[in-house]
Amino acid sequence: MEKVIDENQQGNTLTLESNDSNNRKLYIESYGCQMNFSDSEIVASILAKEGFNTTKNLEEADLVLVNTCSIREKAELTVRKRLEKFNAVKKTNPGMKVGVLGCMAERLKNKFLEEEKIVDMVVGPDAYKDLPNLIKEIDEGRNAVNVILSKDETYGDVAPVRLNSNGVSAFVSITRGCDNMCTFCVVPFTRGRERSRNPQSILEEVNDLWDKGFKEITLLGQNVDSYLWYGGGLKKDFEKASDMQKATSVNFAKLLELVARAQPKMRIRFSTSNPQDMTLDVIEAMAAHENICNYIHLPVQSGSNRILKAMNRLHSREEYFELIDNIRKIIPDCAISQDMITGFPTETEEDHQDTLSLMEYVKYDFGFMFAYSERPGTMAARKLYDDVPEKIKKRRLSEIIDFQQRHSLYRTQQHLGKIEEVLIEGPSKKSDTHWKGRNSQNTVVVFPKKNYKVGEFVNVKINECTSATLIGEAIEHSKNN
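Asker: Explain the packing of aromatic side chains here, please?
Answerer: Pairs of aromatic rings are described using the distance from one ring centre to the other and the angle between the two planes. Evaluation of the coordinates by the stated rule reveals six aromatic pairs. Measuring from centroid to centroid gives 5.5 Å for Y295 and F366, while their planes differ by 25°, and the two rings are stacked. Of this pair, Y295 sits in strand β15 (residues 295–297) while F366 is found in strand β17 (residues 366–371), placing the two residues 71 residues apart along the sequence. Assessed through its relative accessible area of 10%, Y295 is described here as buried. Accessibility expressed as a relative area gives 21% for F366, which makes it partly exposed. Ring centres 4.3 Å apart and planes at 40° place the aromatic pair F321 and Y361 in the tilted group. A residue pair is termed long-range when its members are at least 10 positions apart, and F321 in helix α11 (residues 317–330) and Y361 in helix α12 (residues 349–362) qualify at 40 residues. Classification of F321 by relative accessible area gives buried; the value is 15%. Over the ring of F403 we find R406, and its NZ or CZ is 4.7 Å from the ring centre.

Asker: I keep staring at unusual backbone geometry and nothing clicks. Help me out?
Answerer: What you tend to see is this: most non-glycine residues have negative phi, and most peptide bonds are trans. Residue T272 is reached from S271 by a cis peptide bond, and omega for that bond is 5°. If you check the backbone angles, Q301 has positive phi at about 75° while not being a glycine. Among the structural elements, Q301 can be located in the loop between β15 and α10 (305–310). The backbone phi angle of N442 is positive, close to 75°, even though this residue is not glycine. Its location among the elements puts N442 in the loop between β19 (434–438) and β20 (444–448).

Asker: Would you explain the side chain of T342 in this entry?
Answerer: The topology assignment puts T342 in strand β16 (residues 335–342). Residue T342 is classed as buried on the basis of its relative accessible area of 1%. Engagement of the side chain of T342 in a polar contact is seen with the side chain of E347, the distance being 3.4 Å. Apart from the residues within four sequence positions on either side, T342 is in contact with E347, H352, F370, A371, Y372, K393, R396, L397 and I400.

Asker: Is there a simple way to explain α11 in this structure?
Answerer: For the α-helix, the turn length of 3.6 residues means that residues three or four positions removed from each other point alike. When the terminal C-alpha atoms of α11 are compared, their 20 Å separation across 14 residues agrees well with the 20 Å that a helix rising 1.5 Å per residue should span. Within the sequence span of α11, burial applies to R317, Y320, F321, L323, I324 and I327. Buried residues in α11, looked at end-on, bunch into an arc of 160°, giving them a common side. Within α11, the exposed residues directed more than 90 degrees away from the buried face are E322 and K329.

Asker: Explain the packing of helix α9 (residues 280–288) against α11 to me, please; I cannot follow it from the model alone.
Answerer: To characterise two packed helices, one gives the angle between the axes of the helices and the distance between these axes. For the pair α9 and α11, the least separation of the axes is 10 Å and the interaxial angle reads 20°. As far as their axial angle goes, α11 and α9 are roughly parallel. Every pair of crossing elements has a handedness; the one defined by α9 and α11 is right-handed. Between α9, through L280, I283, E284 and A287, and α11, the contact on the second element is made entirely by L323, N326, I327 and I330. Taken together, the residues that form the contact of α9 with α11 break down as six nonpolar, one polar and one charged.

Asker: How should the sheet that holds β17 be read in this particular structure?
Answerer: The pairing of strands in a sheet comes from backbone hydrogen bonds and takes either a parallel or an antiparallel form. Ordered by their spatial adjacency, three strands build an open sheet running β15-β16-β17, and the pairing between neighbours is parallel. The open sheet is flanked by β15 and β17, the only strands paired with a single partner. The mean angle between the axes of side-by-side strands here comes to 10°, regardless of whether they run parallel or antiparallel. Both β15 and β16 contribute to a ladder of three bridges, which runs parallel. The residue bridging Y295 from the neighbouring strand is A335, located in β16.

Asker: Can you walk me through the sheet that holds β20 in this structure?
Answerer: Taking strand neighbours around the barrel as the criterion, the five strands line up as β18-β19-β20-β22-β21 in a closed arrangement whose pairing is mixed. Going across the sheet, the axis of each strand differs from the next one's by a mean of 55°, ignoring polarity. Here three bridges tie β20 to strand β22 (residues 469–477), and the two strands are oriented parallel to one another. If you follow V444 over to β22, its bridge partner there is T469.

What counts and how
- Residues numbered from 1 in each chain as written.
- Predicted model: local features only at pLDDT ≥ 70, side-chain atom pairs only at ≥ 80, totals over all residues.
- Heavy atoms only, no water.
- Phe/Tyr/Trp six-rings, centres within 6.5 Å; stacked < 30°, edge-to-face > 60°.
- Helix = DSSP H or I, 4+ residues; strand = E, 2+ residues; numbered from the N terminus.
- Buried < 20%, exposed > 50% of the residue type's maximum accessible area, 1.4 Å probe, protein only.
- Lys NZ or Arg CZ within 6 Å of the ring centre and 35° of its normal.
- Polar contact = N/O pair within 3.5 Å; in protein donor to acceptor, adjacent residues only side chain to side chain.
- Contact = heavy atoms within 4.5 Å.
- Expected span 1.5 Å × (residues − 1).
- Arc of directions from axis to C-beta.
- Axes fitted to C-alpha atoms, helices over the stretch in contact; angles between N-to-C directions.
- Parallel < 35°, antiparallel > 145°, perpendicular 65-115°, else oblique.
- Left-handed = near helix turned anticlockwise from the far one by under 90°.
- Nonpolar A, V, L, I, M, F, W, Y, C, P; charged D, E, K, R; others polar.
- Pairing = 2+ DSSP bridges.

Rendered as structure tokens:
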């Protein structure tokens, strides 16, 4: 639940430029959060060196991989249907092999391989470097599995192939795993303990992206504010580090500053933050560097202290308000978005009203809202009875969505009449004569194309708005081109 899931991206087939010397075809679909899509780029990079070109044509594939998500039931059901489709195609292409990657792999390995016999290979999120060996196993007719979770794998030495990229924005992974045992979330069990990537390898990737023409990056992690590099190892072992390691360690605020200074004309975003770990130095780093965008995705999950405790969220409603107040004080025009779960076990009408009042206080720019669904393997599934009726969940979710739509409109209206810098990402979905981009606050801005090009920074005067989109007129190129 912690990661933002873009419904428009679900099931995207990833493609990259062909290498004439490669003679095998890879078909890869991705589901879930941005971390999964980033991982698919790593997988494609590894397999490109093993003789695979990507294809969008399922029927011609030698290897079919589906990168999976265990966060939401909908994604899991979709993956199962896709695996049935892949196996139907195998009847006409018996040489085709099917593999499952990612978060569902560890939890369902036995079901997929032995009971249902619907895949040839199961690969966990820390085992992608083992793919060449696993592919040899399935080529020789044996099932292959590696779901071992690593204490140090960060893929910092693998340069991801940018798949289906607009050539403007890219994700840069900075951490893997998670130590926060939220009771609704399966991520700590599927992605392992939290470890951070060497900042030097992050800077090298950022510099390489700039050299290739990218103008914006998003630093990506299950919980970016927990980033802590002290020479390698798990975050939980930092207390055992030497005095020198502690003195030269790099936390998230320092990493932000390093990246911002390395490429002062490149936009920097990050996702996702956790309220319990976000510190003032991060907010101050954002304020100090113009190229760090004024936008924070800050999932709260509930406005009720009682439910937050049941979720094992290590912050209170009051602490969350204090953090919001500090953000507003230091960065007055910072946009804030949320994740919200309604209908968590034992949630009462009073708890729900606490959530609505929290939303009224913050007035989020936008949000990602879900009715609770029990996920196998989580602490909530093991220890809490899902006792809120579906009808009540739907009604509460509807009320939360209504609040958010009203607040989103309030926030977009604050931009009217202002001139804001927009990075052009591509054509508008609704009009070939308009460009689409985003401002610093991550709000979509649409304006007539004129003579501007994709990847350019443009100053746009905002004239109209909906609850989700700003509509304006380009005035000139900004100073960042």
